[in-house]
Amino acid sequence: MLRNSVSGDNHAYLLTGAQLKSVSNLPSELDTTWRIQAIGDFNSDGFNDIVWRRLGTSGENRIWLMNRFNVTATVTLPPIQIGETGLSQAPHKNKYGQDYPPAPDENVYYPGVKK
């Protein structure tokens, strides 16, 4: 997923290995103070959802629940003020409750995952 922080355009890039399979346009978010914080399947429907956080002092957060490249609902989360703990990891479970991707291998570096 890529976001143009100037225009607010959002795009999803589908890959097969290192090959670009397709590019899909997602809804734009014209308010450029919103930033993507995480992607994960938050409602266990098998599709990745997008967590947004608004920059600044408001601490606003929301999730776009997705069905492939369509937003099916927007969930407003409680605000988290600056200095409070934020979202550190998105869920890594598929729709069957299995780890996805598999649990980290001790010999591989995963950004943001403590060993």
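Residues numbered from 1 in each chain as written. Predicted model: local features only at pLDDT ≥ 70, side-chain atom pairs only at ≥ 80, totals over all residues. Heavy atoms only, no water.

**Quick look at the packing of aromatic side chains**
Next up, step 1: For the structure shown, the criterion picks out 1 aromatic pair.
Next up, step 2: Consider the rings of Trp52 and Trp64, whose centres lie 4.8 Å apart with planes at 55°: the pair is tilted. With Trp52 in strand S5 (residues 49-54) and Trp64 in strand S6 (residues 61-67), this pair connects stretches of sequence that are 12 residues apart. Residue Trp52 shares its accessibility class with Trp64, and that shared class is buried.
Next up, step 3: One residue, Arg62, lies across the ring of Trp34, its end atom 3.9 Å from the ring centre.
Next up, step 4: Positioned above the aromatic ring of Trp52, the side-chain terminus of Arg62 is 5.8 Å from the ring centre. (Phe/Tyr/Trp six-rings, centres within 6.5 Å; stacked < 30°, edge-to-face > 60°. Helix = DSSP H or I, 4+ residues; strand = E, 2+ residues; numbered from the N terminus. Buried < 20%, exposed > 50% of the residue type's maximum accessible area, 1.4 Å probe, protein only. Lys NZ or Arg CZ within 6 Å of the ring centre and 35° of its normal.)

**Some remarks on the pairing of S6**
Next up, step 1: Burial runs high along S6: 6 of the 7 residues are buried.
Next up, step 2: Direction of pairing for S5 relative to S6: antiparallel, over a ladder of 4 bridges. When the bridges of S6 are listed, Arg53 appears paired with Asn61.
Next up, step 3: Connecting S6 to the antiparallel partner strand S7 (residues 70-77) that follows it, the hairpin turn spans 2 residues, and Arg68 within it adopts a positive phi of roughly 60°. (Pairing = 2+ DSSP bridges.)

**Quick word on a nonpolar patch on the surface**
Next up, step 1: Residues Leu2, Tyr13, Leu15, Leu20 and Val23 make up a contiguous nonpolar surface patch of about 480 Å² in total accessible area.
Next up, step 2: Listed by contribution, the elements that provide at least two residues to the nonpolar patch are strand S2 (10-16) and strand S3 (19-26). (Patch = residues over 30% accessible without salt bridge, like charges linked within 9 Å, V, L, I, M, F, W, Y side chains within 5 Å. Areas by Shrake-Rupley, 256 points an atom, 1.4 Å probe, with all protein chains shown as cover. Salt bridge = Lys/Arg side-chain N within 4 Å of Asp/Glu carboxyl O.)

**Some words on the nonpolar core**
Next up, step 1: Core analysis: the largest hydrophobic core is formed by 7 residues, namely Ala12, Leu26, Trp34, Ile50, Trp52, Trp64 and Met66.
Next up, step 2: At the level of secondary structure, the elements contributing two or more residues to this core comprise S5 and S6. (Core = buried A, V, L, I, M, F, W, Y, C linked by side-chain atoms within 4.5 Å.)

**A closer look at the confidence of the model for the chain**
Next up, step 1: Considering every residue of the chain, the mean pLDDT works out to 76; 69% of them sit at 70 or more.
Next up, step 2: Note that residues 101-115 has pLDDT below 50 and, in this model, 10 contacts with residues that lie over four places away or in other chains. (pLDDT = per-residue confidence, 0-100. Contact = heavy atoms within 4.5 Å.)

**Things to note about unusual backbone geometry**
Glycine aside, a negative phi is what most residues show, and trans is what most peptide bonds show.
Next up, step 1: Non-glycine residue Ser44 carries a positive phi angle of around 55°.
Next up, step 2: Here Arg68, not a glycine, exhibits a phi torsion of approximately 60°, which is positive.
Next up, step 3: For Arg68, a relative accessible area of 58% puts it in the exposed group.

**A look at the environment of Ala12**
Next up, step 1: Relative to the assigned elements, Ala12 resides in strand S2.
Next up, step 2: Note: C-alpha distance between Ala12 and Val23 (11 residues apart in sequence) is 5.7 Å.
Next up, step 3: Setting aside chain neighbours within four positions, we find Ala12 in contact with Met1, Ser22, Val23, Ser24, Leu26 and Phe69.

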